[in-house]
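Given next are the chains, with one letter for each unit.
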Amino acid sequence: MNAFGFKLIEPRSIDFDQFDGRLLNEILEKEPSFKICLSCGGCTATCNAGTLIDFNIRKMNLLLRRGEITGLAREIDKCMLCGKCMLVCPRGINIRNVIMLLKKGLVQYRNENI
Amino acid sequence: METPLFTYPFSIGLMFIVSFLLVVTCIWLAALSKSDRKLILKKIPGPASLKAIGETFMEALLHRKIFRKNPVLGYMHTSLAFGWFLLIVVGHLEAAVHYHTFSFPLWKSIFFRYAEPAPATGFAGHFFATSMDFLLLLILSGVGLAYYKRFNSRAFGMKKTTQLKVGDRIALTALWLIFPLRLIAEGVSAGLHRNGSFLTQPTGNLLAAILPLPLLEKPVWWAYSCALGVFFVAMPVSRYMHIPVEVLLIFLRRYGVRSQKHVNGYTRVQVFSCSRCGICLDSCQMNHANIRNTQSVYVLKQIRGRRLSDEQLFNCLLCGRCQKDCPVGIDLNDIRITQRIESTAEYNSTYDYLKNGPSPQADVVYFAGCMTHLTPSIKKSMQKLLNYAQVNYWFMDEHKAPCCGRPLIQAGQLEAAQKLIANNRDKIMQSGARTLVVSCPICYKVFSEDYKLPNVRVMHHAEYLLELVNQGLLPVHNSPKRVVYHDPCELGRGSGIYDQPRQLLGQYVELITMKHEKEDAFCCGGSLSNIKISMQERDRIRDHVLEEFQQYRPDQVVTACPLCKKTFTKGTEVEVRDLAEIVWESVSQQIIAAQPPVKQLEPEEVPS
């Protein structure tokens, strides 16, 4: 199909057996402003790291909310914490805190070998 | 005379605190780096030691810096610290003169009026007795003020006072009791033996009239000795550790020991030097957002108790207002950044995707910075000004470039920041430029402090534009606009640049002086250093600052930081401008004015 200009998209159903909501709940509790994200993608559009490499902060938000946290650690490492996303966010979400909590949480889970 | 039993609490307390201090000092010095220890050994015989003694006298005893903050508060501290110091010294001299030797048991000088019940004789005896009473009176006036301050701290120029913990309360109670008890004990002895002077003798006479003194003499001296003993024993768990440790800090600082980017012995010395006076509470703008547990005094307290939470550590603007007010001179910002580095050390990014292409050759590198890209009129003004002045420059981050690394350092991600720094440094060095111009004070701070760019001048655009004006490359024109200038934290307190922006502005507009400016300037509230604060809380801090600006009714608010500009713009109707925009506005108007007028065609002349 790819040869004909179509893209094969993997099924995007959420497997609740694989759903890992611990990190999401922890972040939502510590940074409540994250609850009101409307996934507009403004953060991704302005992202500094995004100009240098394929990095999509909005997609990370979606993955986190879908409980798919494997692979997040490698992705979030691309962020440079410059803060542009936070300034353009129409909902005033403290995105830098979300990222720091995410980084910290992921290391904790890795250390616990889960 | 045998050593009376009541002196034991004092002696045991004193021996405990002296040995404790010796042990911790050794531990702290051992936790310094080798080069620091070598530096100290090298400088001990030099003039640094004399300067340290002088500073100890001026700051730890006379408290000059607190006097500057508020005279009454200064008097309170001086009367207690300097008064007590003199009481000990003069007390020793009195005993030495009396016994004609310096080798006498220590208790005999501390409890002299008990040890020597005979009334003072001769000129020396009377002189010392009067001096000792005078010093006691001086200290008691300070203690009286300290009582009063607990109820009314506003009278001392302080809106807030610190919350105390148990150890502090015990030591504070003991300290408050020591001198009144000394007065009573000496008074009782004076009442019995008539060996008092102008203060203790009347006290003794008064007490003798209403109390059976012979029964009371031993118990009051016991109480005095116990108060001293309790104070010494409670010292390590209280804020009064600052009394001896501050002296150590002054010496280490004079020997050239500085804060490092990791926790070491010097960090511990600074943490224990905090007297929890609470002066930093008043400077802190977090109060405007009703955040009251993250101020430096509380963070140092938690570091000391090893109970610091991320919420407290990261909820700070790192504006540095507390640091400039700290009477002990603790590097509060550095300590907080060091703690952040330790706290986030486990998850530093590698940024291995960064690549280094060839850089174009230029005389000047212009780095706008991430924040400037969100305020495009600043970078456009800069581009036009650089073009107008015909500068051969390379706009390094015009399309894409890594961040400067300062926001990462502020968040404690030092190792990650080093990766960005290395990448950017290579590009700048490759370009062969001798000047780096940045538009953002956040970038300016890291470029000038952490990049180590040999033979490259790092300049904020305020400095660079001023240089261009002074070289006659940019025309000046004074307009009657009245503006206030907001000092950005990283440029002002962070890098000490106050005058250049003002000189530059003075060429174009009329500058209004404000109450809080230069070192006292407020933070706009937008600081990237605070990871935890919400947007609503930021707005409250910002509004408070804007209120002050409004009092001066300026035509424009001018700043030198794109983040400050962005923060202020959202909260006020008044125009907010960056320095570069002010300069470009004026220059562009002059360009238009200098052009020959275009002839306006009348309608009938328009060719059809």
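For clarity, every value in this text was computed on a predicted model and none was experimentally measured.

Here's the deal with the sheet that holds strand E2 (residues 393-395) of chain B
Residue and element names in this part refer to chain B. The four strands lie next to each other as E2-E1-E3-E4, forming an open sheet whose pairing is parallel. Each edge of the open sheet is held by one strand with a lone partner, namely E2 and strand E4 (457-460). The average angle at which neighbouring strand axes cross in this sheet is 25 degrees, direction not considered. In this structure, strand E3 (residues 435-438) lies alongside E4, joined through four bridges in parallel fashion. The residue bridging threonine 435 from the neighbouring strand is arginine 457, located in E4. Sheet strands in contact with helix H23 (residues 441-449) are strand E1 (364-367), E3 and E4, and its direction is about 165 degrees off that of E4.

Notes on helix H9 (residues 166-193) of chain B
Taking 1.5 Å per residue as the helical rise, H9 of chain B with its 28 residues ought to reach 40 Å, and the 40 Å between its terminal C-alpha atoms agrees with that figure. Arginine 194 of chain B occupies a position one or two residues after H9 of chain B and carries a positive phi of about 55 degrees.

Side note on the UniProt feature "transmembrane region" (unreviewed entry) in chain B
Residue and element names in this part refer to chain B. Residues annotated in UniProt with the feature "transmembrane region" (unreviewed entry) correspond here to residues 12-32, 72-93, 127-148, 169-185 and 221-252. Structurally, residues 127-148 comprises 100% helix and 0% strand, and the distance from its first C-alpha atom to its last is 32 Å. End C-alpha to end C-alpha, residues 221-252 measures 39 Å, and it is 78% helix and 0% strand.

Some remarks on the packing of aromatic side chains
Overall, the coordinates contain 29 aromatic pairs over all chains when judged by the stated rule. A ring pair is formed by tyrosine 114 of chain B and tryptophan 221 of chain B, whose centres lie 5.9 Å apart and whose planes are at 65 degrees; its orientation type is edge-to-face. On the criterion of sequence distance, the pair formed by tyrosine 114 of chain B in helix H7 (residues 112-115) and tryptophan 221 of chain B in helix H11 (residues 213-234) is long-range, its members being 107 residues apart. The residues tyrosine 114 of chain B and tryptophan 221 of chain B share a single accessibility class, namely buried. For the pair phenylalanine 123 of chain B and phenylalanine 127 of chain B, a centre-to-centre distance of 6.2 Å together with 20 degrees between the ring planes defines the contact as stacked. Taken together, the residues span about one helical turn, with phenylalanine 123 of chain B and phenylalanine 127 of chain B both in helix H8 (residues 122-151) at a distance of four residues. In this structure phenylalanine 127 of chain B comes out as partly exposed when scored by relative accessible area, which is 45%. Each member of the aromatic cluster is reached from another via a ring pair, and the members are Phe6, Phe10, Trp84, Phe111, Tyr114, Phe179, Trp221, Tyr224, Phe231, Phe232 and Tyr240 of chain B. Taking the ring centre of tyrosine 109 of chain A as reference, the NZ or CZ of arginine 22 of chain A above it sits at 4.1 Å. The aromatic ring of phenylalanine 34 of chain A is capped on one face by arginine 65 of chain A, whose charged end is 4.4 Å from the ring centroid.

Topic: the interface of chain B and chain A
Each partner contributes residues to the interface: chain B has 33 residues there, and chain A has 30 residues. At the boundary of chain B and chain A, one finds one salt bridge. The salt bridge involving aspartate 310 of chain B is made with lysine 104 of chain A; its shortest N-O contact spans 2.5 Å. Across the contact surface, chain B and chain A share twelve residue pairs in polar contact (both at pLDDT 80 or more). Of all the secondary structure elements, the ones that give two or more residues to the side of chain B that touches chain A are helix H16 (310-314), helix H19 (370-373), helix H21 (406-410), helix H26 (535-551) and helix H27 (562-569) of chain B. Per-element tally for the side of chain B that touches chain A: the top contributor is H19 of chain B, with three residues. Tallied by class, residues from the side of chain B that touches chain A come to 19 nonpolar, six polar and eight charged.

How each quantity is defined
- Along each chain, residues carry numbers from 1 onward, in the same order as the chain's sequence is written.
- For this description, chains carry letters from A and ligands carry numbers from 1, given in the order in which they are written.
- The model is predicted, so local features are restricted to residues of pLDDT at least 70 and side-chain atom pairs to those at 80 or more, both for listing and for counting; the totals for chains, interfaces and linings are taken over all residues.
- The basis for every side-chain value is the complete set of heavy atoms in the structure, and neither hydrogens nor water enter the calculation.
- When DSSP locates at least two bridges between a pair of strands, those strands are taken to pair.
- Numbering goes from the N terminus for both helices and strands, where a helix is a DSSP run of H or I of at least four residues and a strand is a run of E of at least two.
- The axes used here are C-alpha line fits, helices contributing only the stretch in contact, and every angle between their N-to-C directions lies in the interval 0 to 180 degrees.
- Contact between two residues is taken to exist if any of their heavy atoms lie within 4.5 Å; hydrogens are not considered.
- Expected helix span is taken as 1.5 Å per residue step, with the number of steps being one fewer than the number of residues.
- UniProt positions are given in the numbering used here, feature names are shortened, and annotations may be inferred rather than shown by experiment.
- Note on aromatic contacts: the rings of Phe and Tyr and the six-membered ring of Trp form a pair at centre separations within 6.5 Å, being stacked when their planes are under 30 degrees apart, edge-to-face when over 60 apart, and tilted otherwise.
- Residue burial is assigned from relative accessible area. The probe radius is 1.4 Å, only protein chains are included, and a residue is buried under 20% of its type maximum, exposed over 50%, and partly exposed in between.
- For a ring to carry a charge above it, either NZ of a lysine or CZ of an arginine must fall within 6 Å of the ring centroid while also lying within 35 degrees of the normal to the ring plane.
- Salt bridges are defined by distance alone: a side-chain nitrogen of Lys or Arg within 4 Å of a carboxyl oxygen of Asp or Glu.
- The definition of a polar contact used here is a pair of N or O atoms within 3.5 Å, where within protein one atom must be able to donate a hydrogen and the other to accept one, and adjacent residues in sequence count solely through side-chain atom pairs.
- Basically, the charged four are Asp, Glu, Lys and Arg, the nonpolar ten are Ala, Val, Leu, Ile, Met, Phe, Trp, Tyr, Cys and Pro, and anything else, Gly included, counts as polar.

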